[in-house]
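Observations on chain architecture
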There are 2 protein chains.
Amino acid sequence: MANSPTGDSATDRLVRILDTFTPTRTVQTATEIGRRSGLPSSTAHRIVTELVEAGLLERDEDRRVRIGMRLWELATRSSHALRLRQAAMPFMERVQSRVREHTQLAILEQDEALFLERLSSPDSGANITRVAGRLPLHASSSGLVLLAFGDVDLQERVLSSPLAPLTRATLSDPAAVRRKLAEVRAIGHAIAPGYIEEVSTGIAVPVRDETSRVVAALSVVLPRDAETDFAVVELHRAAQDIARSLGFRH
Amino acid sequence: MANSPTGDSATDRLVRILDTFTPTRTVQTATEIGRRSGLPSSTAHRIVTELVEAGLLERDEDRRVRIGMRLWELATRSSHALRLRQAAMPFMERVQSRVREHTQLAILEQDEALFLERLSSPDSGANITRVAGRLPLHASSSGLVLLAFGDVDLQERVLSSPLAPLTRATLSDPAAVRRKLAEVRAIGHAIAPGYIEEVSTGIAVPVRDETSRVVAALSVVLPRDAETDFAVVELHRAAQDIARSLGFRH
DNA sequence: GAGAAGATTCCCGTTCATCGGGAACCTCGG
DNA sequence: CCGAGGTTCCCGATGAACGGGAATCTTCTC
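In this report, the structure presented in the accompanying data block is examined. (Residues numbered from 1 in each chain as written. Chains lettered and ligands numbered in written order. Predicted model: local features only at pLDDT ≥ 70, side-chain atom pairs only at ≥ 80, totals over all residues. Heavy atoms only, no water.)

1. Thoughts on the protein's contact with DNA strand D
Put simply, the test is: When we say a residue is near a molecule or strand, we mean one of its heavy atoms is within 4 Å of it. For the purposes of these results, a polar contact is taken to be a pair of N or O atoms within 3.5 Å, where, inside protein, one atom must be able to donate a hydrogen and its partner to accept one; residues adjacent in sequence count only when each atom of the pair is a side-chain atom. In this description a helix means any DSSP run of H or I spanning at least four residues, a strand means any run of E spanning at least two, and both kinds are numbered starting from the N terminus. For this scheme, ten residues count as nonpolar: Ala, Val, Leu, Ile, Met, Phe, Trp, Tyr, Cys and Pro. Four count as charged, namely Asp, Glu, Lys and Arg, and the remainder, Gly too, count as polar.
Around DNA strand D, 15 residues are found, and the nearest of them are Arg13(A), Thr43(A), Arg46(A), Thr31(B) and Arg63(B). If you look at DNA strand D and keep only atoms within 4 Å of the protein, 71% of those are sugar or phosphate atoms. The separation between a phosphate oxygen of DNA strand D and a polar main-chain atom of Ala30(B) is 3.2 Å. Interatomic distance of 2.5 Å between a side-chain N/O atom of Arg63(B) and a phosphate oxygen of DNA strand D. At the level of elements, α3 (41–54) of chain A together with α2 (30–37) and α3 (41–54) of chain B are the ones that each hand at least two residues to the surface near DNA strand D. For the surface near DNA strand D, the per-class residue count stands at three nonpolar, eight polar and four charged.

Following this line, the structure appears as structure tokens:
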């Protein structure tokens, strides 16, 4: 009985298992993994054991399971992300040291904004977990930049799907988003006051590679009522420096 | 026929495939992957396709394959590494801004030193690729620290296996390494002049968590003839700040 | 400390997805 | 225009994965 509506290959199942880990849920028991991934307990246990042997997962002393460091290492082989991150880091630090709050680097991934790096002031340690690794394109300043400079197919796809609002301020009407995108293209950056959380404003600029294609968005988060001009200038400067730095490699 | 000397489960094969990617070899054709992983071409193609659909791998426009950003994201769920890295980053930046060259954070992983983060001056972009993600414990300053403060089993295991020298200066005699470890424990840091490359010296200190167990090594790389005292002081200060910062969480 | 709820391990017969040889096809570069 | 290497498609045999179930161990709860 069970269900298995979607056909599952070995790879599918693996991904289902890995996907039971979320930014907040980083350790769980093998049985939990089974439940969450829709796998019978015995099967889940077997596969988890294999994955642990392979190093993709790790077991705590108390038998609970978490994602293995091996995966981190493998991710490191991902040329694109790594190269971009490496190039951006020094300049992100400069932004962070001048603007404070959070500085973030995001790329387009599966129709969402995926954050590769996020610098925070040491004092604001509280909300590290709260901030997710992904945000919808229409709601975050980074997402709006990626969307505005992305191709038309992407825009249609995103605008024709439900635009869930995260706060009262989030743009959830396709027409409104369309206007916003035009504005972003016109002024060259996106300002998202209160879209993600009421109390803060996101500011993002496009980052271009050596061929001047937009490959990422660089953003900062400020208190809702803060002055934004200085941040915009700093972000643009950093984005240009990153582009120049990318030009050097290869 | 073929061979399959080691028994292979679905997971094994997956890992074999992922392992064909190295820090230098980040893109390859499906057939190449098959060759390197010892899998028949048709099989390799099938699995690679599945992995691409799952997002663990990605295809370039020209059909070639690289590691997918999805993996990066999953790695991000790895609580330990992430937490440590997040806590360490601000202080690593401080070290980097004062000492220059490279600043690195390494942990113990499968009897080797695995580098989680590595800050470099923007100008020294050349050698990013050259620096591997892992180094042997007996040869790197970070490794010596991790080994010196690691448990006895680990030390025996490492010292009884062949100690490959990377340069003429690398300690490759078990007795010499043992003496060095005693020294590290005595003075509280490791200095490795020319062990990795003739021209540079690594300096590492232990990083402790809130329970004061050694969980990582923080290190810098300096020119071989540089003065080390200042770096040692800065490193110790950063390590303490990191420990304090780790104490805040949870 | 007793009892319950949950997690883990082991066993085993069935089945069905995986495997991989082979051949045709595509795509370069020379 | 040719050839080498990469990719896709096909298909029958095989054996490895599957998962129900029960016994055991661990962790809470009261």
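2. Let's talk about the protein's contact with DNA strand C
Taken together, 15 residues are adjacent to DNA strand C, and Thr31(A), Arg63(A), Arg13(B), Thr43(B) and Arg46(B) come closest. Backbone atoms, meaning sugar plus phosphate, form 72% of the atoms of DNA strand C positioned within 4 Å of the protein. Taking Thr31(A), its main chain carries an N or O atom lying 3.1 Å from a phosphate oxygen of DNA strand C. Note that a phosphate oxygen of DNA strand C is positioned 3.4 Å from one of the side-chain N or O atoms of His45(A). Counting only elements with at least two residues in the surface near DNA strand C, the list comes to α2 (30–37) and α3 of chain A together with α3 of chain B. Class assignment for the residues of the surface near DNA strand C results in three nonpolar, eight polar and four charged.

3. Observations regarding the interface of chain B and chain A
For interface size, the figure often reported is the accessible area lost on association. Under the convention used in this document: In this analysis, two residues are considered to be in contact whenever any of their non-hydrogen atoms come within 4.5 Å of each other. We define buried area as the total accessible area lost by two parts upon association, computed with a 1.4 Å probe and summed across both. The working definition used for a salt bridge is a side-chain nitrogen of Lys or Arg within 4 Å of a carboxyl oxygen of Asp or Glu.
Each partner contributes residues to the interface: chain B has 51 residues there, and chain A has 51 residues. Summed over both partners, the interface of chain B with chain A buries about 4900 Å², with 63% contributed by carbon and sulfur atoms. Where chain B meets chain A, there are six salt bridges. Across the salt bridge formed by Asp19(B) and Arg70(A), the nearest N and O atoms sit 3.5 Å from each other. Summed over the shared surface of chain B and chain A, the number is ten residue pairs in polar contact (both at pLDDT 80 or more). Mapped by element, the contributors of at least two residues to the side of chain B that touches chain A are α1 (10–19), α3, β3 (65–67), α4 (69–75), α5 (79–99), β4 (102–109) and β5 (112–120) of chain B. When residues of the side of chain B that touches chain A are assigned to their parent elements, the largest contribution, eight residues, is made by α5(B).

4. So, the nonpolar core
A general tendency of soluble globular proteins is for nonpolar side chains to be buried together. What counts, and what does not: For the purposes of this section, nonpolar cores are sets of buried Ala, Val, Leu, Ile, Met, Phe, Trp, Tyr and Cys residues that join through side-chain atoms within 4.5 Å. The buried label goes to any residue with under 20% of its type's maximum accessible area, the exposed label to any with over 50%, and the partly exposed label to all in between, with areas taken from a 1.4 Å probe on protein chains only.
With 62 residues, the main nonpolar core has Leu105(A), Leu218(A), Val220(A), Leu105(B), Leu116(B), Leu218(B) and Val220(B) as its most contacted residues. Each residue touching Leu105(A), except ones within four places of it in the same chain, is listed here: Leu84(A), Arg85(A), Ala88(A), Met92(A), Leu114(A), Phe115(A), Leu116(A), Glu117(A), Ala216(A), Ala217(A) and Leu218(A). Ranked by size, the runner-up nonpolar core spans 38 residues in total, among them Leu18(A), Val15(B), Phe21(B) and Ile47(B).

5. A closer look at the environment of Leu171(A)
Relative to the helices and strands, Leu171(A) is located in the loop between α7 (152–159) and α8 (174–187). In contact with Leu171(A), other than residues within four places in its own chain, are His138(A), Leu163(A), Ala176(A), Val177(A), Lys180(A) and Tyr195(A).

6. Side note on the pairing of strand β4 (residues 102–109) of chain A
Both faces of the sheet carry side chains from a regular strand, because those side chains alternate between them. All names here are of chain A. Rules: Pairing between strands is defined by DSSP: at least two bridges between the two strands are required.
When you tally the buried positions in β4, you get seven out of eight residues, the bulk of the element. Bridging between β4 and strand β5 (residues 112–120) involves eight bridges; their strand directions are antiparallel. Note that in β5 the partner of Leu108 across the bridge is Ala113. Count of turn residues in the β4/β5 antiparallel hairpin: two residues, of which Gln110 carries a positive phi of about 50°. Note: β4 against strand β9 (residues 214–223), five bridges, orientation antiparallel. Looking across to β9, one finds that Ala106 is bridged to Ala217.

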